[in-house]
Amino acid sequence: HGKGPFLSLYGTHHNDLVGHFRLIWYAIAPLYRLFPSAFTLIVLTILCTTVTSMLVVKIAENYLKPGFTFAVFVLFLLYPTTISMYLRFGGRETQYAMLFLTASLFFYIKERFLAFAITSLLTSCCIEYTSLIVAGFAVLAWMQHRTARWIWSPLVFGLAYFIIVN
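Residues numbered from 1 in each chain as written. Predicted model: local features only at pLDDT ≥ 70, side-chain atom pairs only at ≥ 80, totals over all residues. Heavy atoms only, no water.

Draft legend 1. Region of interest: the packing of helix α2 (residues 24-34) against helix α3 (residues 38-61). Where α2 contacts α3, the two axes come as close as 10 Å, and the packing angle between them is 125 degrees. When the interaxial angle is binned, α2 and α3 end up oblique. Judged by the sense of rotation from one axis to the other, the crossing of α2 with α3 is right-handed. On α3, the residues touching Trp25, Ile28, Leu31 and Tyr32 of α2 are Thr40, Leu41 and Leu44. (Axes fitted to C-alpha atoms, helices over the stretch in contact; angles between N-to-C directions. Helix = DSSP H or I, 4+ residues; strand = E, 2+ residues; numbered from the N terminus. Parallel < 35°, antiparallel > 145°, perpendicular 65-115°, else oblique. Left-handed = near helix turned anticlockwise from the far one by under 90°. Contact = heavy atoms within 4.5 Å.)

Structure representation (structure tokens):
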């Protein structure tokens, strides 16, 4: 689990898409092929957590005073799921999903549709069930009276992706 296509890069014929549909590993595989080490995956985990925490702070800045923003940053880093990524073997698709989903939320808030769509696609490519979270943005967009593309695009994409890959 968590090795993605790396096994097939070394000549075995293991289909790692059996459990979850995790296309993100095909984007990471070339880097891992160059640096085939657990350290590579740990560095990617650290980068994901760093960028995610920066995005969490940027999102919090829209709604909170600076002192509370720092508290959100600390709470994010102390959150058990964040910590567990370092206690387990690095290189799990959930850390990439966390990054891309947080980026999707950031771009949703900033109303940057293309960036939102790209990061939503990347989120779904990490683990198939995250596409349902992407579809959930449609409900939020509807509640906020956003335009039709903000409502229908994540709804249709998220549900279609989930149905197609399952």
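Draft legend 2. Inspection of the pattern of salt bridges at higher detail. With the rule as written, the count across this model stands at two salt bridges. The partner of Arg22 in a salt bridge is Glu93, and the shortest N-O contact between them spans 3.3 Å. Taken together, the residues span a long stretch of sequence, with Arg22 in the loop between α1 (6-9) and α2 and Glu93 in helix α6 (residues 93-109) at a distance of 71 residues. Using a relative accessible area of 1% as the deciding quantity, one classes Arg22 as buried. (Salt bridge = Lys/Arg side-chain N within 4 Å of Asp/Glu carboxyl O. Buried < 20%, exposed > 50% of the residue type's maximum accessible area, 1.4 Å probe, protein only.)

Draft legend 3. Representation of unusual backbone geometry in the model. For Glu111, which is not glycine, the phi torsion reads 60 degrees and is therefore positive. Relative to the helices and strands, Glu111 resides in the loop between α6 and α7 (113-126). With relative accessibility at 54%, the residue Glu111 sits in the exposed group. With phi around 60 degrees, His145 is a residue other than glycine that occupies positive phi space. Considering the arrangement of structural elements, one finds His145 in the loop between α8 (130-143) and α9 (148-165). Since its relative accessible area comes to 72%, His145 is described here as exposed.

Draft legend 4. Spatial organisation of the nonpolar core. With 26 residues, the main nonpolar core has Ile24, Tyr96, Phe116 and Cys126 as its most contacted residues. Mapped by element, the contributors of at least two residues to this core are α2, α3, α6, α7, α8 and α9. Those residues in contact with Phe116, other than ones at most four positions away along the chain, are Ser104, Phe107, Tyr108, Phe137, Trp150 and Pro154. (Core = buried A, V, L, I, M, F, W, Y, C linked by side-chain atoms within 4.5 Å.)

Draft legend 5. Quick peek at α9. The terminal C-alpha atoms of α9 lie 25 Å apart, and with 18 residues this matches the ideal 26 Å at 1.5 Å per residue to within 8%. Those residues of α9 that sit buried are Trp150, Ile151, Pro154, Gly158 and Tyr161. One side of α9 holds all its buried residues, which, seen down the axis, span an arc of 150 degrees. Looking at α9, the residues exposed on the side facing more than 90 degrees away from the buried face are Trp152, Val156, Ile163 and Ile164. (Expected span 1.5 Å × (residues − 1). Arc of directions from axis to C-beta.)

Draft legend 6. Layout of the packing of aromatic side chains. By the definition in use, this model includes 11 aromatic pairs. Residues Phe70 and Phe73 carry aromatic rings whose centres are separated by 6.1 Å and whose planes lie at 40 degrees to one another, so their mutual orientation is tilted. Of this pair, Phe70 and Phe73 both sit in helix α4 (residues 66-78), three residues apart, roughly one helical turn. Taking the relative accessible area as the measure of exposure, Phe70 reaches 53% and is therefore exposed. (Phe/Tyr/Trp six-rings, centres within 6.5 Å; stacked < 30°, edge-to-face > 60°.)

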